[in-house]
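Now for the letters of each chain:
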Amino acid sequence: MAEIEVGDVVLVRGVTGRFHAVVTGVRLGRLAVRRCDGRPSGPLSPRDVVEIYKPAGPPTAPPQARPLRPTAQLRLDLGG
């Protein structure tokens, strides 16, 4: 399982069902979270976490291809 860090979005299995939350802190082995639906939530155990969503980061630029240039070694072969 991935390491849970502050700022990660997690899917949690709680008493009232599953909900999404953002991890705001970790203390004494418990997770402090802010629920995405605005309802209050106390500290959670890491065992209650079902899934962890990590930020993917900024998109990377595609590799730049250099244009091909003819060289002195290229010759036209007319099949003769």
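Structure's up top.
Position numbers for residues count from 1 along each chain, tracking the sequence in the order it is written. Where totals are concerned, whole chains, interfaces and linings use all residues; where local detail is concerned, this predicted model gives features only for residues with pLDDT of at least 70, and gives and counts side-chain atom pairs only at 80 or more. For the side-chain quantities, the full set of heavy atoms in the structure was used; hydrogens and water were omitted.

**Remarks on the pattern of salt bridges**
Here a salt bridge means any side-chain nitrogen of Lys or Arg lying within 4 Å of a carboxyl oxygen belonging to Asp or Glu. Scanning the model with the defined rule gives three salt bridges in all. Between Lys-54 and Glu-5 there is a salt bridge whose closest N-O contact spans 3.9 Å. Of this pair, Lys-54 sits in the segment after strand 4 (49–53) while Glu-5 sits in the segment before strand 1 (9–14), and the two are 49 residues apart along the sequence. A relative accessible area of 38% places Lys-54 in the partly exposed class. Under the relative-accessibility criterion, Glu-5 is labelled partly exposed at 43%. In this structure, Lys-54 and Asp-8 form a salt bridge, with 2.8 Å as the shortest nitrogen-oxygen distance. Residue Lys-54 is located in the segment after strand 4, and its partner Asp-8 is located in the segment before strand 1; the two are separated by 46 residues in the primary sequence. In the salt-bridge network here, residues are joined through shared partners; they are Glu-5, Asp-8 and Lys-54. By definition, any uninterrupted DSSP run of H or I lasting at least four residues is a helix, any uninterrupted run of E lasting at least two residues is a strand, and each is numbered from the N terminus. Using a 1.4 Å probe on the protein chains alone, a residue whose accessible area is under 20% of its type maximum counts as buried, one over 50% counts as exposed, and one in between counts as partly exposed.

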